[in-house]
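Listed below, chain by chain, are the residues.
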Amino acid sequence: ERLVSEHNYCFECNWTDQTCGGPDGAAALEAAANRGFLDFARARGNVLLEHVGHAVELADFAYRDDPFAWHARDARRRVSPIEARRHREGPSNRADLAAAKRLLATRFVVGLTSRFEESLRRFAHVFAGRELPASVLERPEASSHTVHADDPRFVKLDALSAATRKELHRAVALDLKLYAFAEQLFDSRVPSSEAWPPPPCGGN
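Notes on the structure in this doc start here. None of these values were measured; they are calculated from a predicted model.

Points about the packing of helix H2 (residues 26-35) against helix H3 (residues 37-44)
So, point 1. Across the interface, H2 lies against H3 with an axial gap of 5 Å and an inter-helix angle of 145 degrees. Like other packed secondary-structure pairs, H2 and H3 cross with a definite hand, here right-handed. Residues Leu29, Ala32, Ala33 and Arg35 of H2 touch H3, and the partners they reach there are Phe37, Asp39, Phe40, Ala43 and Arg44.
So, point 2. Taken together, the residues that form the contact of H2 with H3 break down as six nonpolar, no polar and three charged.

Right, dumping it as structure tokens:
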């Protein structure tokens, strides 16, 4: 589901967002998507694990000897530091998955796009110590991630064949395991609003 959303979003924003960079830049990832959704998924690989399971180094910000900040580079060809690390050390493996799980369990506040409003409320409690104002969820930005224009290039999850789904699961197997672990963490932490601590003294 995440890959489908990401694929459709990249077509919608014309591959200009940094999310659409891919391991070899946006132009290469778009070419993979134009060949088919499965090629797009294989090019992206276990991108969640790449983000959570590793630390980047200074060299990764100057990938291919480019001395400029990566955000300032050609949006069609730039490679993010996270993807530069993947080029340098290779794709993530099961050991990296174990490390990422430890990090999620001990260092992160977990949120899920599929449970977006609940995640926002949790973030408000953790970072601000108070309830999330209702006005935040009423803003257009709060639901923009679920609203997409219709486009013939878009992929629909329920339209994928069983064989394609099987190949997709193989391409992002470690990401699926990491996401399942994140869901477990989400469900195990503060299951109801009554369990949250009160706001700090003096808070409004």
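Having seen it, we continue.
Some remarks on the packing of aromatic side chains
So, point 1. Scanning the entire structure with this criterion turns up four aromatic pairs.
So, point 2. For the pair Trp15 and Phe40, a centre-to-centre distance of 6.3 Å together with 70 degrees between the ring planes defines the contact as edge-to-face. On the criterion of sequence distance, the pair formed by Trp15 in the loop between helix H1 (2-12) and H2 and Phe40 in helix H3 is long-range, its members being 25 residues apart.
So, point 3. According to the relative accessible area criterion, Trp15 is buried, its value standing at 1%.

Observations regarding the nonpolar core
So, point 1. Core analysis: the largest hydrophobic core is formed by 20 residues, its most contacted members being Leu3, Trp15, Phe37, Phe40 and Leu168.
So, point 2. Contributions of two or more residues to this core are made by H1, H2, H3 and helix H9 (162-171).
So, point 3. Ignoring sequence-local partners within four residues, the contact set of Leu168 consists of Phe37, Leu38, Ala41 and Leu160.

Digging into the environment of Leu103
So, point 1. Structurally, Leu103 can be placed in helix H6 (residues 94-107).
So, point 2. Relative accessible area serves as the criterion here: at 27%, Leu103 is assigned to the partly exposed category.
So, point 3. Excluding anything up to four places from it in sequence, Leu103 contacts Val52 and Phe108.

What counts as what
Residues numbered from 1 in each chain as written. Predicted model: local features only at pLDDT ≥ 70, side-chain atom pairs only at ≥ 80, totals over all residues. Heavy atoms only, no water. Axes fitted to C-alpha atoms, helices over the stretch in contact; angles between N-to-C directions. Helix = DSSP H or I, 4+ residues; strand = E, 2+ residues; numbered from the N terminus. Left-handed = near helix turned anticlockwise from the far one by under 90°. Contact = heavy atoms within 4.5 Å. Nonpolar A, V, L, I, M, F, W, Y, C, P; charged D, E, K, R; others polar. Phe/Tyr/Trp six-rings, centres within 6.5 Å; stacked < 30°, edge-to-face > 60°. Buried < 20%, exposed > 50% of the residue type's maximum accessible area, 1.4 Å probe, protein only. Core = buried A, V, L, I, M, F, W, Y, C linked by side-chain atoms within 4.5 Å.

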